[in-house]
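# Descriptive analysis of the structure
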Amino acid sequence: MKVEIKQIFKENGIDVYESIDRLMGMEDLYDSLILEFLEDENFDTMKRYLEEGDAASAFNAAHALKGVAGNLGMVKFYHKFHPVVEMLRRGELDEASKEIKGIELEYRNIKRLIKENIKKEV
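### Concerning the side chain of Glu 106
- Checked against the element boundaries, Glu 106 lands in helix H7 (residues 93-117).
- If near-sequence neighbours (up to four positions away) are discounted, Glu 106 is found in contact with Asn 12, Lys 76, Phe 77 and Lys 80.

Below, the structure written as structure tokens:
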């Protein structure tokens, strides 16, 4: 990943350097994992379960997404999303649904950044 792209990601709350360090310097692995994030369906799955009123399944999808976001250095999104995961853990569907609306823009922005910057490199 080019330094310029790492800087764009950093400006948007994604700490690429910390994640690469966590992966023992394997930058190619990070690049492939962040591309896989484009295929991750946990956010939409969580929203569907929220609409269906299934707190346990919504929590499972949210918890998985939080882990992926943390591992990929999506610090800004992670910190905004963490309270939603805890709401779902407690079964607070209405509260979580309200919070999701504000967080979804951040989530979609991350996917856009990846598409615009990483996919064209590959």
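There's more to say after this.
### Quick word on unusual backbone geometry
- A positive phi angle, near 55°, is found at Met 24, a position not held by glycine.
- Looking at the element boundaries, Met 24 is found in the loop between helix H2 (16-22) and helix H3 (27-37).

### Quick look at the nonpolar core
- One finds Phe 9, Met 46, Met 74, Phe 77, Phe 81 and Leu 88 to be the most contacted residues of the largest nonpolar core, which totals 38 residues.
- Elements that contribute at least two residues to this core include exactly helix H1 (3-11), H2, H3, helix H4 (42-52), helix H5 (55-71), helix H6 (75-89) and H7.
- Element by element, the count of residues in this core is highest for H7, at eight residues.
- Other than its neighbours up to four places away in sequence, Leu 88 contacts Met 46, Leu 50, Ala 55, Ala 58, Phe 59, Ala 62, Leu 93 and Ala 96.

### Some thoughts on the environment of Leu 23
- As for its placement among the helices and strands, Leu 23 is situated in the loop between H2 and H3.
- A relative accessible area of 17% means that Leu 23 is categorised as buried.
- Leu 23 sits 48 residues away from Asn 71 along the chain, and the two C-alpha atoms are 9.0 Å apart.
- If we skip the residues at most four places from it in the chain, Leu 23 touches Leu 29, Tyr 30 and Leu 33.

Cut-offs and rules
Residues numbered from 1 in each chain as written. Predicted model: local features only at pLDDT ≥ 70, side-chain atom pairs only at ≥ 80, totals over all residues. Heavy atoms only, no water. Helix = DSSP H or I, 4+ residues; strand = E, 2+ residues; numbered from the N terminus. Contact = heavy atoms within 4.5 Å. Core = buried A, V, L, I, M, F, W, Y, C linked by side-chain atoms within 4.5 Å. Buried < 20%, exposed > 50% of the residue type's maximum accessible area, 1.4 Å probe, protein only.

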